[in-house]
Amino acid sequence: MQWLITIAVVLAALALVAFKLWRFGKELSRLSSGGETKTACHGCPGSARSDADLGITIKPLVQIGDKTKHALIALWVVVACIGNVGMSQEIRPPNYDESKASNFDLVSVLAGPDGKLIESKDQWAAQRKYLVDLLAREEYGYAPKDSVAIRTELFDDGPAVLGGQTKANIRRRQIAVFLERDGKQVRVDLALWSPKDRPKAPCFLGLNFRGNQSTCDDPKIRLTTSWCDNRSPGVVDNKATEASRANQSERWPIAQIVEAGFAVATAHYSDIDPDYDDGFENGVHGLFPEDRIDADHPSRWGSVAAWAWGLSRLADVLETLDGVDPKGLMVVGHSRLGKTALWAGATDERFQVVVSNNSGCGGAALSKRIYGESVARINTAFPHWFNRNFRKYNDREDLLLFDQHQLIATIAPRPVYIASASNDKWADPLGELLSGHHASSAYRLFGKKGLDAVELPAVNTPIAQGAIGYHLRDGEHDMLLYDWEQFIAFAKQNGF
Ligand code: GTR
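Rules of the game
Residues numbered from 1 in each chain as written. Predicted model: local features only at pLDDT ≥ 70, side-chain atom pairs only at ≥ 80, totals over all residues. Heavy atoms only, no water. Near = heavy atom within 4 Å. Polar contact = N/O pair within 3.5 Å; in protein donor to acceptor, adjacent residues only side chain to side chain. Areas by Shrake-Rupley, 256 points an atom, 1.4 Å probe, with all protein chains shown as cover. Nonpolar A, V, L, I, M, F, W, Y, C, P; charged D, E, K, R; others polar. Helix = DSSP H or I, 4+ residues; strand = E, 2+ residues; numbered from the N terminus. Buried < 20%, exposed > 50% of the residue type's maximum accessible area, 1.4 Å probe, protein only. Salt bridge = Lys/Arg side-chain N within 4 Å of Asp/Glu carboxyl O. Phe/Tyr/Trp six-rings, centres within 6.5 Å; stacked < 30°, edge-to-face > 60°. Lys NZ or Arg CZ within 6 Å of the ring centre and 35° of its normal.

Chemist: Help me get a handle on the site of the ligand, residues and values and all.
Modeler: Near the ligand, the surroundings consist of Phe209, Ser335, Arg336, Lys339, Glu373, Ile378, Phe382, Trp385, Trp426 and His477. Residue serine 335 places a side-chain N or O atom 2.7 Å away from an oxygen atom belonging to the ligand. Computed on the free molecule, the ligand has an accessible area of 320 Å², of which 80% lies beneath the protein chains in the complex. For the shell around the ligand, a count of residues per class yields 5 nonpolar, 2 polar and 3 charged.

See below:
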């Protein structure tokens, strides 16, 4: 509607300009041919009549006749309208009507660049590479090819304290991981809990939103010094205070995970890249100034790609540590960090199991369904998460020649788990499930079962018979013990 009004106003203004210019031209030719002008501006400052009335003569520096003035005003209207079209395009309101979300075509995950379908698992490595490249170019951005030096400092090693109790069976370590390049460094604090009775434990690795101290009540966990969102409890002037301890511990049931036989490692995502749009100066983007995204390089890495790259650097460290099975690394994440976990799984095959929790748009949810959060909304609210090419699809999902099922497929044949929550409509639970469903043909190449379902299961009824697991937890956008219990069961079922 706004488009129609704007187009009508532009056309009217253009007609007015044309008319004024025509009249102005006619007047000029009359003057140059010695004709008399009859265009006195009565009452205008500087007009002969009003000055004469006052008995004075004022000679303006530049005399603007009212035809010129009208022409200039009309021109201004045109410019303003064009600016209006460019600047304030309305974003389509979010859709929650399922009948409007079902009409879309998806490219098969087996289709190569020429559209032909691959037929055997021997062709998968090349196909996977093609898909990762497509998603890097159009959505997440390419991480730099160059590497960093990694230096570590173990600054804490002792028994865990969880729920106010010292846990003799759980080893807690904290490692400062320094990522260094060209005289610059970024410090990422890795916190790790591992079972004392399992010498090589498979390890869940996931980033947290508020600092390692927010994941449990252990007073020995170092308080993050990285940027924190002021809206989080216990944060003052973007810095975490003591009051922020354990304020997201419900997302990290550490004792239960370790007592189930797994190690669990986490780091604050802000250590890797603070989550605000600063033109990619800070965090690990700052280590690679020559790889910064700009108008000429729209496919370089955004923040999701930076967080995923950071997870790979933490994997570099974890695979060297005793107590952790280097062949049992599993990546997990909630929401924006669920998107990140999926991209880390796509770009780093060392992650043997990939878990996305409520990852939504730009994560597991199919963009072409246009349900809940849309590409335009995410790119507008979080302009730094994806690359600039992804903006081409703002409210133009019809132009997408790819979708998030291909992201899920890049993980094949490794197991992937997709978790949704019933009240998290913004993340489109059905779109998250359908991504898994449409990724399944990649798994079938390997004789593995994917996800057959095309409808949401009942709440709290996981579907996890195949290599693609799914559940719809009853409740809100969050990552809770129930979710972790399913991730653990899925990992065990897949041999970890
Ligand atoms: C929301 C965003 C979602 C999701 C969420 C989160 O504001 O729209 O895509 O990532 O943030 O990360 O908590």
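Still more to cover.
Chemist: Summarise unusual backbone geometry; cite the residues concerned and give the values.
Modeler: Here the amide bond leading from alanine 412 into proline 413 is cis, since omega sits at 5°, within 30 degrees of zero. Inspection of the secondary structure assignment puts proline 413 in the loop between α10 (404–409) and β10 (416–421). The phi torsion at aspartate 182 lies on the positive side, around 50°, for a residue other than glycine. Of note, aspartate 182 is situated in the loop between β2 (165–181) and β3 (184–195). Given a relative accessible area of 67%, aspartate 182 falls into the exposed group. Positive phi outside glycine occurs at aspartate 428, with the angle close to 55°.

Chemist: Hey, could you go over the pattern of salt bridges for me, with residue numbers and the actual values?
Modeler: Using the criterion set out here, one finds 33 salt bridges in the structure. For arginine 231, the salt bridge identified is with aspartate 229, shortest N-O distance 2.6 Å. Between aspartate 483 and arginine 473 there is a salt bridge, with the nearest N and O atoms lying 2.7 Å from each other. Note that aspartate 483 is positioned in helix α12 (residues 481–493) and arginine 473 in strand β11 (residues 468–473), a separation of 10 residues in sequence. Comparing aspartate 483 with arginine 473, the two get one shared label, buried.

Chemist: Pulling in residues and values, what's your account of the packing of aromatic side chains?
Modeler: Scanning all chains against the criterion turns up 20 aromatic pairs. Look at phenylalanine 204 and phenylalanine 262: their rings are 5.3 Å apart centre to centre, the planes differ by 45°, and that puts the pair in the tilted class. One end of the pair, phenylalanine 204, is in strand β4 (residues 200–208); the other, phenylalanine 262, is in the loop between α5 (254–259) and β7 (263–268), and 58 residues separate them in sequence. Comparing phenylalanine 204 with phenylalanine 262, the two get one shared label, buried. Residues phenylalanine 204 and tryptophan 484 carry aromatic rings whose centres are separated by 5.3 Å and whose planes lie at 85° to one another, so their mutual orientation is edge-to-face. Here phenylalanine 204 is found in strand β4, whereas its partner tryptophan 484 is found in helix α12, with 280 residues between them in sequence. In this structure, phenylalanine 204 and tryptophan 484 share a single accessibility class: buried. Every member of this aromatic cluster is reached through a ring pair, and the members are Phe204, Trp252, Phe262, Tyr417, Trp484, Phe487 and Phe490. The ring centre of phenylalanine 178 lies 4.3 Å from the NZ or CZ of arginine 151, which sits over that ring. Above the plane of the ring of phenylalanine 209 lies arginine 251, whose end atom (NZ or CZ) is 5.4 Å from the centre.

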